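# Commentary on secondary and tertiary structure
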Amino acid sequence: MTDEKKILISDLREKISQLLTISKREKDENASLREKNVELQRIIKEKEAEHKELQFLYDNLKSALSLMTKSEVHNTKIKLNRFVRDIEKCMSLLNK
């Protein structure tokens with residue numbers, strides 16, 4: 001074999017080695033991305049279920065509020081404001 005052919009074979013071996021390294025790295029990255037995709041799909045399903053539950057509760061609240069009279073709504077708002085103030089007082093005491 002001539003020196004030129006030996007150099008070509010050596011270059012070819014080096015390039016094949018580089019391609020194999022790149023291929024392995026890409027396969028590893030692909031597997032990692034697939035795992036991440038599965039995890040994100042699971043999170044999406046959880047969030048969709050949570051959204052459905054919150055939508056159901058919101059619809060129930062709207063229905064309940066539509067059945068209340070104005071004075072009941074006003075009294076409820078007053079009670080909620082009182083609860084909020086009490087919670088804020090407790091939080092300030094805890095912070096001291």
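Structural notes, computed from the coordinates. All of these numbers come straight from a predicted model, not from anything done at the bench.

### Here we look at the overall build of the protein
Scanning the protein for helices and strands turns up 2 helices and 0 strands. Principal axes of the C-alpha set define a box for the protein whose edges measure 100 × 40 × 15 Å. Here the protein contributes 21 positively and 17 negatively charged side chains, and the mean placements of these two sets differ by 6 Å.

### Topic: the environment of Lys96
The residue Lys96 is located in the segment after α2 (70-95) in this model. Remark: the alpha-carbon pair of Lys96 and Lys36, spanning 60 residues in sequence, is separated by 44 Å.

### Topic: the environment of Ser71
With respect to the element layout, Ser71 can be found in helix α2. When the C-alpha positions of Ser71 and Ile44 are compared, they lie 41 Å apart, and in sequence the two are 27 residues distant.

### Overview of the pattern of salt bridges
By the definition in use, this model includes 4 salt bridges. We note a salt bridge from Arg42 to Glu46, for which the minimum N-O separation is 2.2 Å. Taken together, the residues Arg42 and Glu46, both in helix α1 (residues 3-67) and 4 residues apart, mark about one turn of the helix. The class of Glu46 is partly exposed, set by a relative accessible area of 43%. Each of Glu39, Arg42 and Glu46 takes part in a single network of salt bridges with overlapping partners.

### Digging into a positive patch on the surface
Residues Lys79, Arg82, Arg85 and Lys89 make up a contiguous surface patch of positive charge. Summarising the element assignment, Arg85 is placed in helix α2. What makes Arg85 partly exposed here is its relative accessible area of 45%.

The rules behind these values
- Residue positions are given per chain, counting from 1 as you read along its sequence in written order.
- With the structure being a predicted model, the display of local features is reserved for residues of pLDDT at least 70 and the display and counting of side-chain atom pairs for 80 or more, all residues being used for whole-chain, interface and lining totals.
- Side-chain numbers come from the whole structure's heavy atoms, not from hydrogens or water.
- Going along the chain from the N terminus, every DSSP run of H or I of four or more residues is numbered as a helix, and every run of E of two or more is numbered as a strand.
- The charge count treats Lys and Arg as positive and Asp and Glu as negative. His and the chain ends do not count.
- The atom standing in for a charge is NZ when the residue is Lys, CZ when it is Arg, CG when it is Asp and CD when it is Glu.
- Put simply, a salt bridge is a Lys or Arg side-chain nitrogen that is within 4 Å of an Asp or Glu carboxyl oxygen.
- Relative accessibility thresholds used throughout: buried, under 20% of the residue-type maximum; exposed, over 50%; partly exposed, between the two (1.4 Å probe, protein chains only).
- For patches, a residue must show more than 30% relative accessible area and have no salt bridge; joins then use 9 Å for like charges and 5 Å for nonpolar side chains, namely Val, Leu, Ile, Met, Phe, Trp and Tyr.
- Surface accessibility follows the Shrake-Rupley procedure with a 1.4 Å probe radius. Residue values consider only the protein chains on display as shielding.

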